[in-house]
Amino acid sequence: MERIVLHLDIDYFFAQVEENDRPEYRGKPVVVCVYSGRSAESGVVSTSNYDARKYGVRSGIPIKNAIEKLRGTNAVFLPVRHERYSEISQGVMEIVSAHGEKFEYASIDEGYLEISQATGMDYDAARGIGERLKNEILAKFHLTCSVGIGQNKLVAKIASEIVKPNGLTVVLPAETEEFLAPMGVGKIPGIGAKSGQYLEKMGIRTVSELRRADPGMIAEAFGKRTGGWLINASKGIDESEVGAEGEQKQISRISTLKQDTRDLQAIMEAMGPLISDIANEIRERNVSFSIAGVALIDENLKGYAKSRTIAHPTQDEGEIRKIAEALFADIIRESRFQFRRAGIKVERLESRKGQKTLFE
Ligand code: TTP
Ligand code: MG
Ligand code: MG
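Residues numbered from 1 in each chain as written. Chains lettered and ligands numbered in written order. Predicted model: local features only at pLDDT ≥ 70, side-chain atom pairs only at ≥ 80, totals over all residues. Heavy atoms only, no water.

(A) Looking closely at the coordination of the magnesium ion (ligand 3). Every protein donor of the magnesium ion (ligand 3) is accounted for by Asp9 (OD), Asp109 (OD) and Glu110 (OE), and the metal-donor separations fall at 2.2 Å. When the donor residues of the magnesium ion (ligand 3) are listed from N- to C-terminus, their spacing reads D-x99-D-E. The distance between the magnesium ion (ligand 3) and the magnesium ion (ligand 2) comes to 3.5 Å, and aspartate 9 binds to both of them. One end of the pair, aspartate 9, is in strand β1 (residues 5–10); the other, glutamate 110, is in strand β6 (residues 110–114), and 101 residues separate them in sequence. Residue aspartate 9 is classed as buried on the basis of its relative accessible area, which comes to 9%. (Donors = N, O, S within 2.8 Å, 3.2 Å for Na, K, Ca; no water. Helix = DSSP H or I, 4+ residues; strand = E, 2+ residues; numbered from the N terminus. Buried < 20%, exposed > 50% of the residue type's maximum accessible area, 1.4 Å probe, protein only.)

Written as structure tokens, this is what we have:
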């Protein structure tokens, strides 16, 4: 089945938001930081604007190094403001999702949009949608972003990264193999540093080398499934559907308590293994969640449920525990009965394939 898929990624997202909210920062190196709190300068860089990137400041480096690199400049260092970025992310993704049939929220600043029907499979029409999206996002949120369009999610994502910032890249099906051939294998989303090194040891650096590699050898090194996926990716083949990763939209576990109780600690103790179990599944499926919730059933079999949305999607088991404890406490306070069953769930799952953030 032929498809057209668009991928959009906002340029230097957190830093661009900061520039918009404080125009006096524009033209200066802007460094958005996750301060660990241990000392005034400890922590890592979340992202930086392009003025700062010229000095080698990028996501993931220690704040101390960034200060060093930017010494003598008029750089600004700011703490992350997740709620603000989340709010803007939602607004942007609403615009994106309105332009196609299927939408997948892939990370705080990225989304996939299937536009096969919206374009009638015409790539000029697809380019038009890309331009309209960019214009609308610029007009409404003063943000530039980079858009890639191709025959599937894989090609669209790579295309959106190739011209940044403010890019729009359309890769026609007939050009796909040629487009990918010279790239380093690391450009394929999902091939991390480790697999990259592994491939390099096998003498495979570029996508075209991967394409020509012996499939049996790749399968031996990576397993049949991953190996097959790798070889397909090198040919620009990717069957994954837009939105499909989130198909199972929640992970939940519930169990009967040893005895009816209103004791928060007893309930939390019983939830320990369930929370670990959920966290394992989260890691296995490589998804993050942005809603965590609890359910209680009382001695009269009446059910209670509460959930909370968090600003930034996470995989953090501690976050589930913290939210669960607060929500159980709320429900206990609001009811006068003993509880018989208790459960935990996480929702709004999103794929983390090829995504690495500091918030893991
Ligand atoms: P990215 O889209 O990877 O980066 P970016 O938007 O800052 O820059 P680019 O122009 O290259 O797209 O990530 C989106 C946001 O996620 C980013 O603004 C900050 C956050 N982030 C981290 O906090 N840590 C990280 O290591 C990365 C990569 C991103
Ligand atoms: Mg981005
Ligand atoms: Mg991104």
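Still more to cover.
(B) Just unusual backbone geometry, in detail. Cis rather than trans, the peptide bond between lysine 164 and proline 165 has omega equal to -5°. You can see proline 165 is positioned in the loop between α7 (153–162) and β8 (168–170). Positive phi outside glycine occurs at methionine 121, with the angle close to 65°. Owing to a relative accessible area of 29%, methionine 121 belongs among the partly exposed residues under this scheme.

(C) Region of interest: the pattern of salt bridges. One pass over the structure, following the stated rule, counts 23 salt bridges. For the salt bridge of glutamate 334 with lysine 306, the shortest nitrogen-to-oxygen distance reads 3.3 Å. Within this pair, whereas glutamate 334 is found in helix α14 (residues 317–334), its partner lysine 306 is found in strand β11 (residues 303–314), the two being separated by 28 residues in sequence. Given the relative accessible area of 25%, lysine 306 is considered partly exposed. We note a salt bridge from glutamate 317 to arginine 321, for which the minimum N-O separation is 3.3 Å. With glutamate 317 and arginine 321 both in helix α14, this residue pair falls four residues apart, about one helical turn. When salt bridges with common partners are traced through the structure, they connect Glu18, Asp21, Arg81, Arg84 and Glu87 into a single cluster. (Salt bridge = Lys/Arg side-chain N within 4 Å of Asp/Glu carboxyl O.)

(D) Spatial organisation of the environment of serine 146. By secondary structure assignment, the location of serine 146 is in strand β7 (residues 145–150). Serine 146 has contacts with His7, Leu8, Asp9, Asp11, Ser160, Val163, Lys164, Pro165, Asn166 and Gly167, leaving out every residue within four places of it along the chain. In terms of polar contacts, serine 146 uses its side chain to reach the side chain of aspartate 11, at 2.8 Å. A polar contact of 3.2 Å, which involves the side chain of serine 146, links it to the backbone nitrogen of asparagine 166. (Contact = heavy atoms within 4.5 Å. Polar contact = N/O pair within 3.5 Å; in protein donor to acceptor, adjacent residues only side chain to side chain.)

(E) Expanded view of the pairing of β6. A large share of β6 lies buried, amounting to five of its five residues. Every second residue of β6 is oriented toward a common face, with Glu110, Tyr112 and Glu114 on one face and Gly111 and Leu113 on the other, all of them buried. Where β1 meets β6, five bridges bridge the pair, whose relative direction is antiparallel. Within β6, the residue paired with leucine 8 across the bridge is glycine 111. Where strand β5 (residues 102–107) lies against β6, five bridges are found, and the strand directions are antiparallel. The residue bridging phenylalanine 103 from the neighbouring strand is leucine 113, located in β6. (Pairing = 2+ DSSP bridges.)

(F) Focus on the coordination of the magnesium ion (ligand 2). The coordination sphere of the magnesium ion (ligand 2), as far as protein atoms go, consists of Asp9 (OD), Ile10 (O) and Asp109 (OD), spread over 2.0 to 2.2 Å. Coordination at the magnesium ion (ligand 2) comes from six donor atoms whose angles at the metal span 81 to 176°, giving a geometry best classed as octahedral. Read N to C, the donor residues that coordinate the magnesium ion (ligand 2) are spaced as D-I-x98-D. The exposure class of aspartate 109 is buried, given its relative accessible area of 10%. (Tetrahedral: all angles 85-135°; square planar, octahedral: opposite > 155°, others 65-115°.)

(G) Quick look at the nonpolar core. Grouped together as the largest cluster of nonpolar side chains are 35 residues, with contacts concentrated most on Leu6, Leu8, Phe13, Val92, Leu143 and Ile149. Those elements that provide at least two residues to this core are β1, α1 (13–21), β2 (30–35), β4 (76–79), α4 (82–97), α6 (123–141), β7 and β8. Excluding residues that lie within four positions of it along the chain, leucine 8 makes contacts with Val92, Val96, Asp109, Glu110, Gly111, Leu133, Ile137, Cys145, Ser146 and Val147. Formed by 29 residues, the second largest nonpolar core is a distinct cluster that contains Met271, Val287, Leu327 and Ile331. (Core = buried A, V, L, I, M, F, W, Y, C linked by side-chain atoms within 4.5 Å.)

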